[in-house]
Amino acid sequence: MSKLKPETRDKLKKVSTATLATALYKRGFRSQFIQDVKPLSPREESMVGEAFTLRYMPAREDLNQLTVFRNPDHPQRKAVEECPPGAVMVMDSRKDARAASAGGILVTRLMKRGVAGVVTDGGFRDSAEIATLDMPAYHSRPSAPTNLTLHQAIDINVPIGCGDAPVFPGDVVVGDNDGVIIIPAHLADEIADEATEMTAYEDFVTEKVREGRTIRGLYPATDERNLEEFAAWRKQNGR
């Protein structure tokens, strides 16, 4: 798994998934936003971490009895114990929330191990409990049935699809109140730099629009005078 630079992690915590989506779109990436997932509780700071993945396949009943959890190497349990601190565990549940991807005990264990967050394109059981934890969690909706009902954990840290987004181990996962986006690992540093610059300009634009300024020539910056004003604003505000 590629290691995210601390300065890149810090930058990504301060930018929105909307800004990141635009930066990725400029590079031809159109499918990096995970569809139909939302945070269980509002986020004040973005979730950021390297992707550590778990893949579920449709359950085959004779192989998915409750007794499988007695095996310490059961892929779901093993993933919870091996997901590195600072990483984000991303689960491919085939966009099927009829059975849970995980529950409160496993998510609590991830939190205590220092994992940066957890994402599924399915659902969590114990969702009200998970919402109170001091760790970001994203899902499509609550789901009470055990994962064994429909999901068979089969692979750890392999390329997956999550909410129609491709996720490779080590890709950078960023989540805010809009949702979760995946940044290809090799682009993380340059995307973080560009998004930081974009955010500064967007904050300037927002301030001017709230003052009553037209967006023409301002957003996008096609009038050079706005760029000159932005440079002065940035210096004044320490941005």
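As shown above, the structure is provided for reference.
A short tour of the structure in this document, coming up. (Residues numbered from 1 in each chain as written. Predicted model: local features only at pLDDT ≥ 70, side-chain atom pairs only at ≥ 80, totals over all residues. Heavy atoms only, no water.)

1. A closer look at the packing of aromatic side chains
The final tally for this structure, using the stated rule, is 5 aromatic pairs. Here the aromatic rings of Tyr201 and Phe230 are separated by 5.0 Å at their centres, their planes lie at 85°, and the arrangement is edge-to-face. One end of the pair, Tyr201, is in helix 6 (residues 188-210); the other, Phe230, is in helix 7 (residues 224-237), and 29 residues separate them in sequence. Look at Tyr201 and you get buried, because its relative accessible area is 12%. Residue Phe230 is classed as buried on the basis of its relative accessible area of 10%. One aromatic cluster is present, built from ring pairs that chain together Tyr201, Phe204, Phe230 and Trp233. Above the ring of Phe69, the side-chain terminus of Arg77 is found at 3.7 Å from the ring centroid. (Phe/Tyr/Trp six-rings, centres within 6.5 Å; stacked < 30°, edge-to-face > 60°. Helix = DSSP H or I, 4+ residues; strand = E, 2+ residues; numbered from the N terminus. Buried < 20%, exposed > 50% of the residue type's maximum accessible area, 1.4 Å probe, protein only. Lys NZ or Arg CZ within 6 Å of the ring centre and 35° of its normal.)

2. Section: the pattern of salt bridges
This model, assessed by the stated rule, comprises 18 salt bridges. Ionic pairing is found between Arg60 and Asp62, a salt bridge with its closest N-O pair at 2.7 Å. Judged by its relative accessible area of 47%, Arg60 falls in the partly exposed class. Each of Glu207, Lys208, Glu211, Arg213 and Glu229 takes part in salt bridges that share partners, so that together they form one network. (Salt bridge = Lys/Arg side-chain N within 4 Å of Asp/Glu carboxyl O.)

3. Here's the deal with the environment of Arg239
Structurally, Arg239 is set in the segment after helix 7. Along the primary structure Arg239 and Tyr201 are separated by 38 residues, whereas in three dimensions their C-alpha atoms are 9.5 Å apart. When neighbours within four sequence positions are excluded, Arg239 is seen to be in contact with Thr199, Ala200, Asp203, Trp233 and Arg234. At 2.8 Å, the side chain of Arg239 and the side chain of Asp203 are in polar contact. (Contact = heavy atoms within 4.5 Å. Polar contact = N/O pair within 3.5 Å; in protein donor to acceptor, adjacent residues only side chain to side chain.)

4. Digging into the packing of helix 6 against helix 7
Packing of helix 6 against helix 7 brings their axes to within 11 Å, and their N-to-C directions diverge by 100°. In terms of their interaxial angle, helix 6 and helix 7 are classed as roughly perpendicular. Mapping the contact onto sequence places Glu197, Ala200, Tyr201, Asp203, Phe204, Glu207 and Lys208 in helix 6 and Asn226, Leu227, Glu229, Phe230, Trp233 and Arg234 in helix 7. Class assignment for the residues of the contact of helix 6 with helix 7 results in 6 nonpolar, 1 polar and 6 charged. (Axes fitted to C-alpha atoms, helices over the stretch in contact; angles between N-to-C directions. Parallel < 35°, antiparallel > 145°, perpendicular 65-115°, else oblique. Nonpolar A, V, L, I, M, F, W, Y, C, P; charged D, E, K, R; others polar.)

5. A few points about unusual backbone geometry
That bond from Tyr219 to Pro220 is cis: its omega, 5°, falls within 30 degrees of zero. With respect to the secondary-structure elements, Pro220 resides in the loop between helix 6 and helix 7. Here Arg94, not a glycine, exhibits a phi torsion of approximately 60°, which is positive. Here Arg94 is to be found in the loop between strand 3 (88-92) and strand 4 (100-102). Even without a glycine there, the phi angle at Asp164 is positive, about 75°. Assignment of secondary structure puts Asp164 in the loop between strand 9 (160-162) and strand 10 (165-167).

6. As for the nonpolar core
Counting 22 residues, the largest nonpolar core has Met89, Met91, Leu110, Val118 and Phe124 as its most contacted members. Those elements that place two or more of their residues in this core are strand 2 (47-58), helix 3 (75-82), strand 3 and helix 4 (104-112). Contacts of Met91, omitting those with residues within four sequence positions, involve Leu54, Tyr56, Ser101, Ala102, Val118, Val119, Thr120, Asp121, Phe124, Ile160 and Cys162. Val15, Val48, Ala188 and Ala195 belong to the second-largest nonpolar core, a separate cluster that totals 17 residues. (Core = buried A, V, L, I, M, F, W, Y, C linked by side-chain atoms within 4.5 Å.)

7. Quick notes on the side chain of Thr19
Along the chain, Thr19 falls in helix 2 (residues 17-26). The class for Thr19 is buried, based on a relative accessible area of 3%. At 2.9 Å, the side chain of Thr19 and the side chain of Glu202 are in polar contact. When neighbours within four sequence positions are excluded, Thr19 is seen to be in contact with Ala195, Met198, Thr199 and Glu202.

8. Here's the deal with the packing of helix 2 against helix 6
Following both chains from N to C, one finds helix 2 and helix 6 inclined at 125°, their axes separated by 9 Å at the closest point. Comparing the axis directions of helix 2 and helix 6 gives the class oblique. Crossing hand, helix 2 versus helix 6: right-handed. Every residue of helix 6 that contacts helix 2 at Thr19, Leu20, Thr22, Ala23, Leu24 and Lys26 is listed here: Ile191, Glu194, Ala195, Met198, Thr199 and Glu202. (Left-handed = near helix turned anticlockwise from the far one by under 90°.)

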